[in-house]
Amino acid sequence: MLKVLSSVVAVVAIGTGLVITYLLHKVPEKPHFDLEKWWGIGSKPREEDVAIRNFHINFNDTIIQDLKQRIKNRRPLTKPLEGIQSEYGTNTVYLETILEYWTDKYDFKGRATLLNRFPHYKTRIQGLDIHFIKMQPQTKDLKVLPLLMLHGWPSSSKEFDKVITMLTTPKEGYDFVFEVVAADLPGFGFSEGTNKPGLNPVQIGIIMRNLMRRLGYEKFYIQAGDWGSQCATHMATIFPNEVLGFHTNMPLSSRTISTVKLLVGSLFPTLAVDPKYADRIYPLKKFFSYIMRESGYFHIQATKPDTIGVALTDSPSGLASYVIEKMAISSNRDQLNTPHGGIENLNLDDVLDTITIIWVNNCIVTSSRIYAEGTTKDPEVWTVHNIPSLVPTAAINFKHEVLYQPDWILRDKFQNLVRSTALDIGGHFAGLQTPQMLADDVFESGVAFLKFHGVYSNES
Ligand SMILES: *[C@@H]1O[C@H](CO)[C@@H](O)[C@H](O)[C@H]1NC(C)=O
């Protein structure tokens, strides 16, 4: 009797396991998307403006003087606690040195001129004015691969200014080079934000695909990090015949099966991850306490971005404090015991370019809303997350990237993972922190993409 019972239990257990596995692997149907959805003010006009306009970055005197006044007129900042560096957040004594640099030494006009060394444009897509850099390579005989580059929060296309030059310059040993379109996501940088709810990373992906079509690219490659990588992941999922290859420096499978694997893997960390990289996620207790420590901003922006947005819109010191803390920690998560908290891993002018661009365009609220649109507001995002992508994908994992998943989990989403690299240095803002390594990996991934498509010619 006991034997029969235990057989029954075993059968039920196996059956349940199979059903759960089936459900986790189940691929939802691709939702239907309106590819012309209108995000502009009011309703869609009969005639759309499809012009591509030249654009120059200009930090004008009015906005600079106002900014400097506000920084100078700040109230006294509360000093850090005794013996504390950055463990409670931005070290205000250190921040004051940055604010002084921003007002007295940062060269607003010179930095704008530097950014203007690239050709900048704007064009209206689905009702929003989208800003982008389009940089063509100097070449006569090399194959040219069109590459869309997408940044995340709190960045803009500025994040790519070092990498754009590297990617559009022919490189020894490669018979191809890139032409780069580096776009500001809507609501970021110099791109217009929407006044309508629902502009999530799937919808942004559609806008970016339509931008590429406006520019005449029916098929193209993508390089992206952070939220840009989320948008690009969705583009690869929705437009598998248009995205020729996807290079990401924040590879992430958000399929349910991947979350389960990550949890189960914590029981066998040495089997689940190459032991060299196991400490990037395991033990989960340590990983989660790091996530808890650093994700307060995420929760705020995913739920009530407009509330904090008032303070950040009104105070450049507050904006600098907020942005610098996040850029610091994701450049090196182990430096809270220093006054700079990690920000010195980045060039200060690059950091201040980023903050100045947010200030001048008043886009901290419109950009922060992506956390709400991408996580809590719309089930279509999670449906698309659960559909695997067949686009050839290359992943690079820098040491201090916020998240890390081993390849066997990434493959749940990226079923043609053609290349995967993990480095012992670097962080989240790879274009700013380790531009040469990022560019080198994009070139090497280009080879993998061309081989995948059977059109690699430099086989010597
Ligand atoms: C200066 O720049 C700001 C931000 O781009 C803009 O709102 C303002 O109209 C400009 N002012 C002048 C005088 O050009």
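Residues numbered from 1 in each chain as written. Predicted model: local features only at pLDDT ≥ 70, side-chain atom pairs only at ≥ 80, totals over all residues. Heavy atoms only, no water.

The chain has the name Epoxide hydrolase in an unreviewed UniProt entry, where Chilo suppressalis is given as its organism. According to the UniProt record, the Function (unreviewed entry) comment for the chain is "Catalyzes juvenile hormone hydrolysis." (UniProt positions renumbered as here; feature names shortened; annotations may be inferred.)

## Some points on the site of the ligand
Around the ligand sit Asn60, Thr62, Ile63 and Val360, and that is every residue in its neighbourhood. A distance of 2.3 Å separates an oxygen atom of the ligand from a polar atom in the side chain of asparagine 60. Within the complex, 38% of the 360 Å² of free accessible area of the ligand lies under protein. Tallied by class, residues from the shell around the ligand come to two nonpolar, two polar and no charged. (Near = heavy atom within 4 Å. Polar contact = N/O pair within 3.5 Å; in protein donor to acceptor, adjacent residues only side chain to side chain. Areas by Shrake-Rupley, 256 points an atom, 1.4 Å probe, with all protein chains shown as cover. Nonpolar A, V, L, I, M, F, W, Y, C, P; charged D, E, K, R; others polar.)

## Observations concerning the packing of aromatic side chains
This structure, assessed with the given rule, holds 21 aromatic pairs. Judged by centre distance (5.2 Å) and plane angle (45°), the ring pair of tyrosine 174 and phenylalanine 443 falls under tilted. Of the two residues, tyrosine 174 sits in the loop between helix 5 (161-167) and strand 5 (176-183) while phenylalanine 443 sits in helix 19 (residues 435-452), which places them 269 residues apart along the sequence. Phenylalanine 443 carries the same exposure label as tyrosine 174, and that label is buried. Here the aromatic cluster, defined as three or more aromatic residues joined through ring pairs, consists of Trp153, Trp227, Tyr297, Phe298, Tyr322 and Tyr371. Arginine 333 extends its terminal NZ or CZ atom over the ring of tyrosine 290, reaching a point 3.9 Å from the ring centre. (Phe/Tyr/Trp six-rings, centres within 6.5 Å; stacked < 30°, edge-to-face > 60°. Helix = DSSP H or I, 4+ residues; strand = E, 2+ residues; numbered from the N terminus. Buried < 20%, exposed > 50% of the residue type's maximum accessible area, 1.4 Å probe, protein only. Lys NZ or Arg CZ within 6 Å of the ring centre and 35° of its normal.)

## Digging into a nonpolar patch on the surface
On the surface, a cluster of nonpolar side chains totalling about 510 Å² of accessible area is made up of Val260, Val264, Leu267, Phe268 and Leu271. Residue position: leucine 267 is located in the loop between helix 8 (256-265) and helix 9 (269-272). (Patch = residues over 30% accessible without salt bridge, like charges linked within 9 Å, V, L, I, M, F, W, Y side chains within 5 Å. Salt bridge = Lys/Arg side-chain N within 4 Å of Asp/Glu carboxyl O.)

## What to know about helix 15 (residues 364-375)
Counting buried positions over the 12 residues of helix 15 gives nine, a clear majority of the element. All of the buried residues along helix 15 are Ile364, Val365, Ser367, Ser368, Ile370, Tyr371, Ala372, Glu373 and Gly374.

## Description of the side chain of glutamine 223
On the secondary structure map, glutamine 223 appears in strand 6 (residues 220-224). For glutamine 223, a relative accessible area of 0% gives the class buried. Looking at glutamine 223, its side chain comes within polar contact range of the side chain of histidine 247, at 3.2 Å. Every residue in contact with glutamine 223, bar those within four places of it in the chain, is listed here: Leu147, Leu148, Met149, Leu150, Phe160, His247, Thr248, Asn249, Leu438 and Val442. (Contact = heavy atoms within 4.5 Å.)

## Remarks on the pattern of salt bridges
Working definition: two side chains of opposite charge can pair if their charged atoms are close together. Considering all chains together, one arrives at 23 salt bridges under this definition. The residue aspartate 350 makes a salt bridge to lysine 158 at a minimum N-O spacing of 2.7 Å. Placement of aspartate 350 in helix 14 (residues 348-361) and of lysine 158 in the loop between strand 4 (143-150) and helix 5 is noted, with a sequence separation of 192 residues between them. We classify aspartate 350 as buried; its relative accessible area is 2%. Taking relative accessible area as the criterion, lysine 158 reaches 3% and is therefore assigned buried. Residue arginine 419 pairs with aspartate 441 through a salt bridge whose shortest N-O separation is 2.6 Å. Of this pair, arginine 419 sits in strand 9 (residues 417-422) while aspartate 441 sits in helix 19, and the two are 22 residues apart along the sequence. On the basis of relative accessibility, which here comes to 5%, the residue aspartate 441 falls in the buried class. Linked through salt bridges whose partners overlap, the residues forming this network are Arg111, Lys158, Asp161, Lys162, Asp350 and Asp353.

## Description of the environment of glycine 187
Its place among the elements puts glycine 187 in the loop between strand 5 and helix 6 (201-214). A sequence separation of 136 residues divides glycine 187 from valine 323, and the C-alpha atoms of the two residues are 16 Å apart. If we ignore the near neighbours within four places in the chain, the residues touching glycine 187 are Glu192, Gly193, Cys363, Thr366 and Ser367.

## A few points about a negative patch on the surface
A cluster of acidic residues, Asp34, Glu36, Glu48 and Asp49, forms a negative patch at the surface. By secondary structure assignment, the location of aspartate 49 is in the loop between helix 1 (2-25) and strand 1 (52-55). Judged by relative accessible area, aspartate 49 falls into the partly exposed class, the value being 39%. (Lys, Arg positive; Asp, Glu negative; His and termini not counted. Charge placed at Lys NZ, Arg CZ, Asp CG, Glu CD.)

## Here's the deal with unusual backbone geometry
In the segment running from tryptophan 153 into proline 154, the intervening peptide bond is cis, with an omega of 0°. Mapped onto the elements of the fold, proline 154 is located in the loop between strand 4 and helix 5. In this structure, the amide linkage connecting tyrosine 282 to the following residue, proline 283, adopts the cis form with an omega of -5°. For glutamine 126, which is not glycine, the phi dihedral falls at a positive 50°. Note that glutamine 126 resides in the loop between strand 2 (120-125) and strand 3 (128-135). A positive phi is found at aspartate 226, a non-glycine position, where the angle reads about 50°. If you trace the backbone, aspartate 226 turns up in helix 7 (residues 226-238).

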